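Listed below, chain by chain, are the residues.
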Amino acid sequence: MKKVAQILKSKPDQAVYTVASSTSVFDAVTLMAEKNIGALVVLDGEAFVGILSERDCARKSLLSERAPRQTAVRDIMTSPLQYVHPSHSNEECMALMTDKRLRHLPVMEHGRLIGVVSIGDLVKDIISEQGFIIEQLEHYIAGVRG
Ligand SMILES: NC(=O)c1ccc[n+]([C@@H]2O[C@H](COP(=O)([O-])OP(=O)(O)OC[C@H]3O[C@@H](n4cnc5c(N)ncnc54)[C@H](O)[C@@H]3O)[C@@H](O)[C@H]2O)c1
């Protein structure tokens, strides 16, 4: 299975989207909608302090009736931040996501945030690996028969 570093390289958009912990939930959701993404890494100054997911917004703002313009991201984010390194494998990320019930993992290298991998990125990678293996097996079977 591929490593996180390779999965990051295959993403069409190499940008990493973050938000300050003091930002309102309304502005954070607006950014998620603009970028068509489901999570933002949360910064307090230079420190990575958590992640804000669509689930946080739906359950901790909308359902608990906290006004999104008056609520700061820090009040509803998921913290502490769970992250992976570029050397982690797809399988390790999947295990961490399952265990911690996460859909996004920031990727840190030497204290720097270099990317985010989502559950969709990992599934896409697994599907493409399976496609490659099936193709190889088809070639092999055709070779044996021919
Ligand atoms: N075809 C593809 O390449 C691809 C890749 C990932 C997801 N998807 C699809 O998109 C839908 C939702 O995907 P999801 O649940 O994985 O999450 P998502 O909508 O949050 O992720 C979509 C893409 O945005 C990226 N992303 C999310 N937050 C980011 C951030 N803060 N900074 C930088 N990049 C960020 C993810 O890594 C992923 O590549 C699903 O239907 C999934 O199948 C497709």
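All values derive from a computational prediction rather than experimental measurement.

**Quick look at the pairing of strand β5 (residues 112–118)**
Residues in a regular strand project their side chains so that they alternate between the two faces of the sheet.
Stage number 1. Of the strand pairs in this sheet, strand β4 (residues 104–109) and β5 are connected by six bridges, and their pairing is antiparallel. Along β5, the bridge assignment pairs Leu105 with Val117.
Stage number 2. Between β4 and β5, which follow one another and run antiparallel, lie two residues, and His110 among them has a positive phi close to 50°.

**Points about the site of the ligand**
Stage number 1. For the ligand, the set of nearby residues contains 18 residues, the closest of which are Tyr17, Ile37, Gly38, Ser118 and Gly120.
Stage number 2. Of all the elements in the fold, those that place two or more residues in the shell around the ligand are β2 (39–44), β5 and α5 (119–145).
Stage number 3. If one sorts the elements of the shell around the ligand by residue count, α5 sits on top with four residues.
Stage number 4. Across the shell around the ligand, the residue classes break down as 10 nonpolar, four polar and four charged.

**With respect to the pairing of β2**
Stage number 1. Two elements, strand β1 (residues 18–20) and β2, share three bridges in a ladder whose sense is parallel. Paired with Ala20 across the bridge in β2 is Leu43.
Stage number 2. With helix α2 (residues 25–35) bridging β1 and the parallel β2, this β-α-β connection has right-handed handedness.
Stage number 3. Here β2 hands over to strand β3 (residues 47–53) after two residues, with Gly45 in that stretch at a positive phi of 65°.

**Section: the nonpolar core**
Burial of nonpolar side chains together is a common tendency in soluble globular proteins.
Stage number 1. With 22 residues, the main nonpolar core has Leu40, Val42, Leu52, Val73 and Val117 as its most contacted residues.
Stage number 2. For this core, the elements supplying multiple residues, two or more each, are α1 (4–9), α2, β2, β3, β4 and β5.
Stage number 3. If one sorts the elements of this core by residue count, β2 sits on top with four residues.

Quick notes on the rules
Residues numbered from 1 in each chain as written. Predicted model: local features only at pLDDT ≥ 70, side-chain atom pairs only at ≥ 80, totals over all residues. Pairing = 2+ DSSP bridges. Helix = DSSP H or I, 4+ residues; strand = E, 2+ residues; numbered from the N terminus. Near = placed C-beta within 6 Å. Nonpolar A, V, L, I, M, F, W, Y, C, P; charged D, E, K, R; others polar. Right-handed = clockwise from strand over helix to strand, strands pointing away. Core = buried A, V, L, I, M, F, W, Y, C linked by C-beta atoms within 7 Å. Buried ≥ 20, exposed ≤ 12 C-beta atoms within 10 Å, placed from the backbone.

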